[in-house]
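Chain by chain, the residues:
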Amino acid sequence: MADTVAGSLDLIKVSKQNNRPRKRADVQKNIRGQVKEKYPDRKPLDPTLKDKYDFGPGMDAVPKLARDKFRRFKVKQHERFIQQGQEQTARAEILLTEQSGCIEVGAGSATTDVTQKNILQFADITTKKKSFNLHLDDFGPYRFQYFRDGRHLAMAGQLGHLATMNWVTKKLTMELNAMESLHDVAWLQDTTALAVAQKKWTSIYDDRGTELHVVKRFFNITKLDYLPYHFLLTGLSEEGNLHYLDVSLGKEVLFIKPKQTRAVAMVNSPYNGVMTTAHGGGVVCMWTPNHNEPVGTVLCHKSNISSIAYDPAGRYMLTAGYDRKLNIWDARNLGTQLQSLSLPRGVVNSMSVSQTGLVAVSCARDVSIYRGLKEGNMVPYLHHPLETKVHQVQFCPYEDVLGISSVTGFSSIIIPGAGEANFDAYEANPFSNRTTRRETLVKNLLEKIPYQHITLDPRTVAQVDVPSLEEKMEEKRRLIFMKVPKIDPNPRYRMKGKSGSTQMARRKYIKREVFKKRYIDKLKRARTNAGLDDVQAQGKDEKKKKNTQTAQNMLDIFKKNKK
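Residues numbered from 1 in each chain as written. Predicted model: local features only at pLDDT ≥ 70, side-chain atom pairs only at ≥ 80, totals over all residues. Heavy atoms only, no water.

**Some remarks on the overall build of the chain**
Thought 1: Across its full length, the chain carries 10 helices and 28 strands.
Thought 2: For the chain, the proportion of its 563 residues judged to be buried stands at 36%.
Thought 3: Long-range pairs, those at least 24 residues apart, make up 45% of the contacts in the chain between residues at least 6 apart in sequence. (Helix = DSSP H or I, 4+ residues; strand = E, 2+ residues; numbered from the N terminus. Buried < 20%, exposed > 50% of the residue type's maximum accessible area, 1.4 Å probe, protein only. Contact = heavy atoms within 4.5 Å.)

Okay, here's the thing in structure tokens:
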């Protein structure tokens, strides 16, 4: 029995010795050694796929950006987290099993010969239900807009018909007759709010058809657009005036009356949120709610512009003019024309760009679809003729569908390869419910971007504001001639006869002197940091040394000193 107890005590001692904390040197050696990968046998990551989610060089491009070692370590640590997220996002693409398709034809045939009848003949039942026609002869032509999730559709007839529907299930959400002309329609933050440009003013309706607000500052509006990340509703009036309305606050941010000719088209850039308007003479102007003057102007055509559009990423700007030309511009490098295309069918009255880079162009009674925008070589892809004049075309997000409105109604046609196959549920969730929409709205309100951050180059917000040489010289010049400002102190009232005229005057004098002393000390520190006191002290020493030089001749002591 004693041997057993002794043996157990020895085991306890050994276990205690094994569980003691390791030395500091062993810990540092493990930290400095090579870190083992968590999954060493998994497939290596494709470098091209990793470059797809690259966010830039980081601190390597500007190594002197951090002020000290601590901040440099923090920035490097943050960059390591970003790189880990970049690798995880690239590896997660294996879960995206859906791919966008396209039409392929045999040798000797062209895709433009394929009609909607041929596409529906070989399509599945779900795809066939996405192709339909709405005969609306009494209230057209119609302006329409798809919601960002690609499931809801809003339509506004010129003679007063307003309707919203879930076009996938064909379920009508709301329908009313405004009893006046409707010029444009725009979805707001979710499907429960809709802005409609009516004959005089702009009204906001809910999903039940109730008129919630009448924005009388938006008078005689013909074009509407909405910036979801800034909660800004923009409107273009018939006179060419530009309006900005903050929907979250309910007040007008800015009213711009351009000096240019009347604008005929308006669209916002998804890249930076800048509003782009097309004016007479082929001029395109770019506006922000921070300036009353355009921040950029580009001469795009020799004739007037009929339509303008951006791709969903905001990299390309497309303009069509009355000279029957379609020009593609680099939206991030103003004035750089990438391609020019001649249109044989007439003047373009509406354009739209899909998520995969397909371009839909409507001319009179024809709709033409082009592909190859991102490759820089646009070629005809499909062609769809109609019986009446086309009024508007727009691609549906996340669906291979193109919406077309004409004088006689609305048509939905199938365009293979038009929509993005995989959606981001945090950005636009087609399967969201009421709870998800409510939480998304609260999240978007908390993450609202102020309209002051809308600039032509959105990267300037994250850059360091380095003063120029002219600003530095002006700051030094201001420090040289700076004087102590005058203040009017208001001492606290005291009881028991301590706030008489003499005591109050004395306390005011003390406050002025304390403020003066502190201001002078602050000014001296600023001058020392700017290097001004050293220059002045050096000049005084040289002057004193010159006046105190010993005379070379004994008779020079009778000469007058030069002041």
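**Structural notes on the sheet that holds strand E18 (residues 305-310)**
Thought 1: An order of E18-E19-E20-E21 is seen for the 4 strands of this open sheet, with the pairing classed as antiparallel. Unpaired on one side and paired on the other, E18 and strand E21 (337-342) mark the two borders of the sheet. Neighbour to neighbour, the strand axes of the sheet diverge by 15° on average, direction disregarded.
Thought 2: Inspection of the sheet shows strand E19 (residues 316-321) paired to strand E20 (residues 325-330) by 5 bridges, in the antiparallel sense. For Ala320, the partnering residue across the bridge sits in E20 and is Leu326. (Pairing = 2+ DSSP bridges. Axes fitted to C-alpha atoms, helices over the stretch in contact; angles between N-to-C directions.)

**Examining the confidence of the model for the chain**
Thought 1: Counting all residues, the mean pLDDT for the chain is 84, and 85% of those residues have values of 70 or more.
Thought 2: Here residues 1-33 is a poorly scored stretch, pLDDT under 50, and it has 1 contact once near neighbours within four places are set aside; other chains count. (pLDDT = per-residue confidence, 0-100.)

**Quick look at unusual backbone geometry**
Thought 1: Backbone torsion omega between Gly140 and Pro141 reads -5°, so that peptide bond is classified as cis.
Thought 2: In this structure, Pro141 sits in the loop between strand E1 (132-135) and strand E2 (142-146).
Thought 3: Even without glycine at this site, Arg324 takes up a positive phi of about 60°.
Thought 4: The topology assignment puts Arg324 in the loop between E19 and E20.

**Section: the packing of helix H8 (residues 469-480) against helix H9 (residues 501-530)**
Thought 1: Remark: H8 packs on H9, axes separated minimally by 10 Å, with the N-to-C direction vectors making an angle of 140°. When the axis of H8 is compared with that of H9, the two are oblique. When the axes of H8 and H9 are compared, the crossing they make is left-handed. On H9, the residues that touch Lys476, Leu479 and Ile480 of H8 are Leu523, Ala526, Arg527 and Ala530. (Parallel < 35°, antiparallel > 145°, perpendicular 65-115°, else oblique. Left-handed = near helix turned anticlockwise from the far one by under 90°.)

**Some thoughts on the nonpolar core**
Thought 1: Judged by nonpolar contacts, the single largest core of 30 residues is most densely connected at Ile369, Leu402 and Ile415.
Thought 2: When residues of this core are traced back to their parent elements, those giving at least two are E2, strand E3 (152-157), strand E24 (366-371), strand E25 (379-385), strand E26 (390-395), strand E27 (401-406) and strand E28 (409-414).
Thought 3: If we ignore the near neighbours within four places in the chain, the residues touching Leu402 are Ala360, Val367, Ile369, Val393, Gln394, Phe395, Ser411, Ser412, Ile413 and Ile415.
Thought 4: Core analysis: the second largest hydrophobic core is formed by 28 residues, Leu227, Tyr244, Val284 and Met286 among them. (Core = buried A, V, L, I, M, F, W, Y, C linked by side-chain atoms within 4.5 Å.)

**Brief notes about the sheet that holds E26**
Pairing between the strands of a sheet comes from backbone hydrogen bonds, and it takes one of two forms, parallel or antiparallel.
Thought 1: Pairing is antiparallel across the open sheet formed by 4 strands, whose spatial order is E1-E28-E27-E26. The open sheet has two edge strands, E1 and E26, and neither has a second partner. Each neighbouring strand pair of the sheet contributes to a mean axis angle of 15°, computed without reference to strand direction.
Thought 2: As judged from the 6 bridges shared by E27 and E28, these two strands associate in the antiparallel manner.

**Describing the environment of Gly314**
Thought 1: Here Gly314 is to be found in the loop between E18 and E19.
Thought 2: Between the C-alpha atom of Gly314 and that of Asn272, which follows or precedes it by 42 residues, the distance is 7.7 Å.
Thought 3: In this structure, Gly314 is in contact with Ser269, Pro270, Tyr271 and Ala331, ignoring residues within four places of it in sequence.

**With respect to the pattern of salt bridges**
Thought 1: Counted according to the given criterion, the structure contains 9 salt bridges.
Thought 2: With its nearest N and O atoms 2.6 Å apart, the salt bridge here joins Glu474 to Arg477. Of this pair, Glu474 and Arg477 are both found in helix H8, 3 residues apart, which corresponds to roughly one turn of the helix.
Thought 3: Assessed through its relative accessible area of 46%, Glu474 is described here as partly exposed. (Salt bridge = Lys/Arg side-chain N within 4 Å of Asp/Glu carboxyl O.)

**A few points about the packing of aromatic side chains**
Thought 1: Throughout the structure, instances matching the rule amount to 9 aromatic pairs.
Thought 2: A ring pair is formed by Phe144 and Tyr146, whose centres lie 5.9 Å apart and whose planes are at 90°; its orientation type is edge-to-face. Each member of the pair Phe144 and Tyr146 is classed as buried.
Thought 3: Taken together, the ring pairs connect Phe132, Phe144, Tyr146, Trp167 and Phe410 into an aromatic cluster.
Thought 4: Its guanidinium or amino end placed over the ring of Trp201, Lys216 lies 4.7 Å from that ring's centre, counting from NZ or CZ.
Thought 5: One residue, Arg332, lies across the ring of Tyr271, its end atom 5.9 Å from the ring centre. (Phe/Tyr/Trp six-rings, centres within 6.5 Å; stacked < 30°, edge-to-face > 60°. Lys NZ or Arg CZ within 6 Å of the ring centre and 35° of its normal.)

**With respect to a positive patch on the surface**
Thought 1: Among the surface-exposed residues, Arg492, Arg494, Lys496, Lys498 and Lys511 lie close enough to one another that they form a single positively charged patch.
Thought 2: Positionally, Arg492 belongs in the loop between H8 and H9. (Patch = residues over 30% accessible without salt bridge, like charges linked within 9 Å, V, L, I, M, F, W, Y side chains within 5 Å. Areas by Shrake-Rupley, 256 points an atom, 1.4 Å probe, with all protein chains shown as cover. Lys, Arg positive; Asp, Glu negative; His and termini not counted. Charge placed at Lys NZ, Arg CZ, Asp CG, Glu CD.)

**Here we look at a nonpolar patch on the surface**
Thought 1: A surface patch of nonpolar side chains, about 260 Å² in accessible area, is lined by Trp201, Val214 and Phe219.
Thought 2: Structurally, Phe219 is set in strand E9 (residues 211-219).
Thought 3: By relative accessible area, Phe219 is classed as partly exposed at 42%.

**Quick notes on the environment of Leu49**
Thought 1: Secondary-structure assignment places Leu49 in helix H3 (residues 47-51).
Thought 2: On the accessibility criterion, Leu49 (22% relative accessible area) is partly exposed.
Thought 3: With 41 residues separating them along the chain, Leu49 and Ala90 place their C-alpha atoms 6.1 Å apart.
Thought 4: Leu49 has contacts with Ala90 and Glu93, leaving out every residue within four places of it along the chain.

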